[in-house]
Every structure is written in C-alpha cells, then in structure tokens.
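Chains, contacts and geometry: an overview
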Amino acid sequence: MKYKDYYGILGVKRDANADEIKTAYRKLARKYHPDVSKEADAEAKFKEMSEAYETLKDPEKRAAYDQLGTHRPGQDFRPPPDWGEHFAQGQSGFEDVDLSDLFAGLAGRAGRRGGARADRAMPGSDYEAVVRISFDQAFHGTEIDLELSALEWDPDGGMRRVPHRVRTRIPRGVTNGEKLRVPGKGGKGINGGPDGDLYLDIEVADHPLYRVSGNDLYIDLPLAPWEATLGTSVELPTPAGAVTLRVPPGTRAGQQLRLSGRGMTRGSGAAGHLYALVRIEVPTVVDDAQKALYRQLAESSNFDPRAHLAKEAK
Amino acid sequence: MIAPLQDAVRFDSITEVTWTQLVKASGMDEAELAELVRYGALEPRDPSAPTWTFESHWLLVARNASRLRRDFDLDPHGVSVVLSFLDRIEALEAELRALRAQVG
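Focus: the overall build of chain A
For chain A, the count of helices and strands is 10 helices and 11 strands. For chain A, whose C-alpha radius of gyration is 31 Å, the value lies well above the compact-globule estimate of 20 Å for 314 residues. Seen along its three principal axes, the alpha-carbon backbone of chain A occupies a region of about 95 × 45 × 40 Å. Counting the 314 residues in chain A, one finds 36% classified as buried. Long-range contacts, defined as pairs at least 24 residues apart, comprise 57% of the intrachain contacts of chain A with a sequence gap of at least 6. For chain A, the accessible surface area stands at approximately 18,500 Å², while carbon and sulfur atoms represent 50% of it. Here chain A carries 45 positive and 47 negative side-chain charges, and the mean point of each set is 4 Å from the other.

Dropping the structure here:
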C-alpha cells in the first residue's frame, strides 16, 4: 500500500487543530473544486485533498491515520501489526486496497455497528467513470468495455479491490461533457438491496473537420473567388458519408449553407443539421497571364465592396 | 465469460424518476432535498401532486447538489444559489461553444 501524506496535501502541521484543517481545506476547495476551477489537473488535485480532509476532519479516522506512522509520500508501507486489530478488525491483507479504502472501511464498519442489522438490505453504492470516445463513436453510437476497480467486502468484514467489468452501449448523438447512467452496474446491493448505478462522464475528442454545437455540426467550406461568383458543385464530407453540395452563384464569405438532417441524431429525436461555413480563399501565387486576367476583371467590373463605408460615414 | 451488454441511458426530459430514486441517487438527506424543491432548485413535474416525480435530468442536479453540499460544507440555501450560478455558467458555455462552432 502506498503512503499518502494527508497533512502535507492540505498544507497543515501534524498537530493542526480541527479549525486549521477546515480552513486549509476550504481555501484549497475554492481553488481546485472542479465546478469552479479552470486548473488543468483540478479534478485529480481535488480528489486528493477531499480524501485527506475526509480522514483528518473525523477524530476517529485521524487517530487511525496517525497510528500508521510517518512515511514518505508514495512509499510502500504496511500498517503496524496491531493496527488492524484496533481500526480494521478482520482485515488481514493490505495489498489489494488503497489507503483511502481503509478509512472508507472504517466508516462502513461504523455504519454497520450502529443500527444496521446484519440481515438488513442495503443498496449498492453508485460508481462513476470517465469514458473517452472519438467523434465518430459519438456520432454513430458505440459499444465499450470498461474495467473498473471496485471495493468489495468479505463476509468476515475485510475488504479488497476486485476488477469490475462492464460492457455498455453508448447511444448515438452524445456530446462532450454529457453524463449517462448504466442502471444496476454500480456496487452490489447487500442482503437483497438493489445494486447501485454506474454514472459515465463522456469526453468526446475534437474532430479535425467538424465542430459541434448542440445537435448541429459546422464544417469550413473554402471556395475560390470564381467558384463563389459563378457557383459550383463540391463534394463535401459528412459524418454519414460524402455528399454533393450545390454552391449557388454569388455565394458570399461567412454564408452558411445548410445540409438538412446531416447533423447529430440524439436517440429517436430529429437529426440536427450540418452547416458548411463559406470561406473565400485567394491564391497567393499568380503568374503573369493570371494577373492580366485579374486586371481585365478589375477594369470591367463596377463592383465596390466598400460602398457602404462611404455611405455610413456621412 | 463475456459480460452482457447493457444500455447506457440519457438524462432527458422524457424519462421520469420518482422522489425515492432522486433521494437515493443524490445520497442527500430527504428533508434537505425537499428544501431544495421549496427554493426552486429542483422542479417536480407537479409540485402539488401527493408524490413528486421528476424529469430524469433533475437526477444530475440532485447529485450535483449533494456534491456541493459535502465539498463546500454548504447549507441547502447556499447549494441552491451555487446551482443557479452553475446553471448560468453552463448556458454561457453552450452559447460560447455555438459561437465558436460558427466562427471556426
């Protein structure tokens, strides 16, 4: 088991009183709570500090933690021989558990002692997992295999970490940051209590071409000046396969050409749209013959793109 | 052994959850959760019904509420205020995403 320095994580001395610990935690929570923080590793940092606070704010757990002695953070260690007797009766092996599990175990045991009869039905706890998928997986829906690590109680009151495998189908049209629920795939209920649920936090990787806004998708459509002026047909990729898009004559930069129903589909709902955002690209290298053509065009055209400037400035 | 395939379900406005499910999923005290309903931070389909039911997306709000309550040591009123700020941030972020998608 790896040692974690809970006092160091909160930045307090080992003899800090309850108020000092609470203040240190609150200060850090304001900075690192995932709901308020923009720090890159806020989530991991917050998890670490709330684990430290959960243990140190509770006098019984703090005493148990102090009895583990002082080690270097990350150092492999075993609780002293009599530690299990005092704080984790029945726990023999400490190899398969994390330091935080020991203290979660303490709380669980207290809960069982106080009021909970051995035969009382208890619901399983809910699990949470982050799932990273590609844009294509999000668009079409996908099946994923998850391997989690779950804390399991032995009949004799000990605990260990066991692999918890879940195969689940992600529906089509999920978006970055969306949460999903897999019913009954959390922790096992005890004595006939219902199983917990598994909550999935979906992270969808950016696509190099498509940008997502709700159910709609946006793609850049670069056109040459003559294509925009004269109109053209272009082959445009869409997540469901390439389509031919007709660009009408006189298309302007910034215009959005809508491909109806080519966006994301959420469940059985109506599909969003795909918008091709027009950009006019100008060739930077032109030879003498092409320059002559441009000059000829400039002389024959009475188009004034800045007509409104003179008008509005008056 | 291959584990059976299980559907992951969305939180939406179609699926309904009961008050009991909401209380269980939040892990919060029932009286405190009822306080959040009184402050308008959680909206039952019919607040005057003898037993409340909710659109399933309120389950996520209830879980958020419970997390804020625990992580910041907030009382239910404080939780309801923070929830309304988070709601506004989410709406602004969605608007920003939409604008960024359109600008490219």
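And the narrative resumes.
Some words on the interface of chain A and chain B
At the junction of the two partners, chain A supplies 47 residues and chain B supplies 29 residues. Where chain A abuts chain B, roughly 3,100 Å² becomes buried across the two surfaces, and 49% of that area is made up of carbon and sulfur atoms. When the buried area of chain A at its contact with chain B is split by residue, A:Asp35, A:Arg167 and A:Arg181 rank highest and sum to 21% of it. One can count seven salt bridges joining chain A with chain B. With its nearest N and O atoms 2.6 Å apart, the salt bridge here joins B:Arg67 to A:Asp35. If you look at where chain A meets chain B, you find 19 residue pairs in polar contact (both at pLDDT 80 or more). For the side of chain A that touches chain B, the class distribution of residues is 17 nonpolar, eight polar and 22 charged. Here two bridges tie strand E4 (residues 179–182) of chain A to strand E2 (residues 9–10) of chain B, and the two strands are oriented antiparallel to one another. Pairing of A:Arg181 across the sheet is with B:Val9, part of E2(B).

Brief notes about the nonpolar core
Formed by 53 residues in total, the largest nonpolar core has its most connected members in A:Leu10, A:Tyr65, A:Leu99, A:Phe103, B:Leu22, B:Leu33 and B:Leu42. With six residues, helix H3 (residues 58–72) of chain B is the largest single contributor of residues to this core. When neighbours within four sequence positions are excluded, A:Tyr65 is seen to be in contact with A:Tyr3, A:Lys4, A:Asp5, A:Tyr6, A:Tyr7, A:Thr55, A:Leu56, A:Leu99 and A:Phe103. In terms of nonpolar packing, the next biggest core, distinct from the first, is built from 20 residues, A:Leu146, A:Val182, A:Ile202 and A:Val204 among them.

Side note on the confidence of the model for chain A
Taken as a whole, chain A shows an average pLDDT of 88; of its residues, 90% reach a score of 70 or greater. Confidence drops under a pLDDT of 50 for residues 110–116 of chain A, and excluding neighbours within four residues, the segment shows six contacts in the predicted structure.

Re the packing of helix H2 (residues 18–32) of chain A against H3(B)
At a minimum axis distance of 10 Å, the contact between H2(A) and H3(B) shows a crossing angle of 135°. Comparing their axes, H3(B) and H2(A) come out oblique. Two secondary-structure elements touch here, H2(A) through A:Tyr25, A:Ala29 and A:Arg30 and H3(B) through B:Arg70, B:Asp71 and B:Phe72. Residue composition of the contact of H2(A) with H3(B), by class: three nonpolar, no polar and three charged.

Some points on the sheet that holds strand E3 (residues 159–170) of chain A
Taken in spatial order, the three strands line up as E2(A)-E3(A)-E1(B) in an open sheet, and their pairing is mixed. The sheet is open, and its two borders are formed by strand E2 (142–153) of chain A together with strand E1 (5–7) of chain B, each paired with just one other strand. Across the sheet, the mean angle from the axis of one strand to that of its neighbour is 45°, orientation sign disregarded. Where E3(A) lies against E1(B), three bridges are found, and the strand directions are parallel. Bridging across to E1(B), A:Arg167 finds its partner in B:Leu5.

Overview of the sheet that holds E4(A)
The pairing of strands in a sheet happens through backbone hydrogen bonds and is either parallel or antiparallel. If you walk across this open sheet you meet the four strands as E1(A)-E5(A)-E4(A)-E2(B), and the pairing is mixed. Looking at strand neighbours, the two that pair on one side only are strand E1 (127–133) of chain A together with E2 of chain B, the edges of this open sheet. Inspection of the sheet shows E1(A) paired to strand E5 (residues 198–204) of chain A by seven bridges, in the parallel sense. When the sheet's bridge partners are listed, A:Arg132 is paired in E5(A) with A:Glu203.

Considering the environment of B:Ala25
Inspection of the secondary structure assignment puts B:Ala25 in helix H1 (residues 19–26). Here B:Ala25 falls in the buried class, since its relative accessible area comes to 9%. Once the C-alpha coordinates of B:Ala25 and B:Leu60 are considered, the two residues, 35 residues apart in sequence, prove to be 8.6 Å apart. For B:Ala25, the contacting residues outside a window of four places in its chain are A:Asp126, A:Tyr199, B:Leu59 and B:Arg63.

Criteria and thresholds
- Residues numbered from 1 in each chain as written.
- Chains lettered and ligands numbered in written order.
- Predicted model: local features only at pLDDT ≥ 70, side-chain atom pairs only at ≥ 80, totals over all residues.
- Heavy atoms only, no water.
- Helix = DSSP H or I, 4+ residues; strand = E, 2+ residues; numbered from the N terminus.
- Rg over C-alpha atoms; globule rule 2.2 N^0.38 Å.
- Buried < 20%, exposed > 50% of the residue type's maximum accessible area, 1.4 Å probe, protein only.
- Contact = heavy atoms within 4.5 Å.
- Areas by Shrake-Rupley, 256 points an atom, 1.4 Å probe, with all protein chains shown as cover.
- Lys, Arg positive; Asp, Glu negative; His and termini not counted.
- Charge placed at Lys NZ, Arg CZ, Asp CG, Glu CD.
- Buried area = accessible area lost by both parts, 1.4 Å probe.
- Salt bridge = Lys/Arg side-chain N within 4 Å of Asp/Glu carboxyl O.
- Polar contact = N/O pair within 3.5 Å; in protein donor to acceptor, adjacent residues only side chain to side chain.
- Nonpolar A, V, L, I, M, F, W, Y, C, P; charged D, E, K, R; others polar.
- Pairing = 2+ DSSP bridges.
- Core = buried A, V, L, I, M, F, W, Y, C linked by side-chain atoms within 4.5 Å.
- pLDDT = per-residue confidence, 0-100.
- Axes fitted to C-alpha atoms, helices over the stretch in contact; angles between N-to-C directions.
- Parallel < 35°, antiparallel > 145°, perpendicular 65-115°, else oblique.

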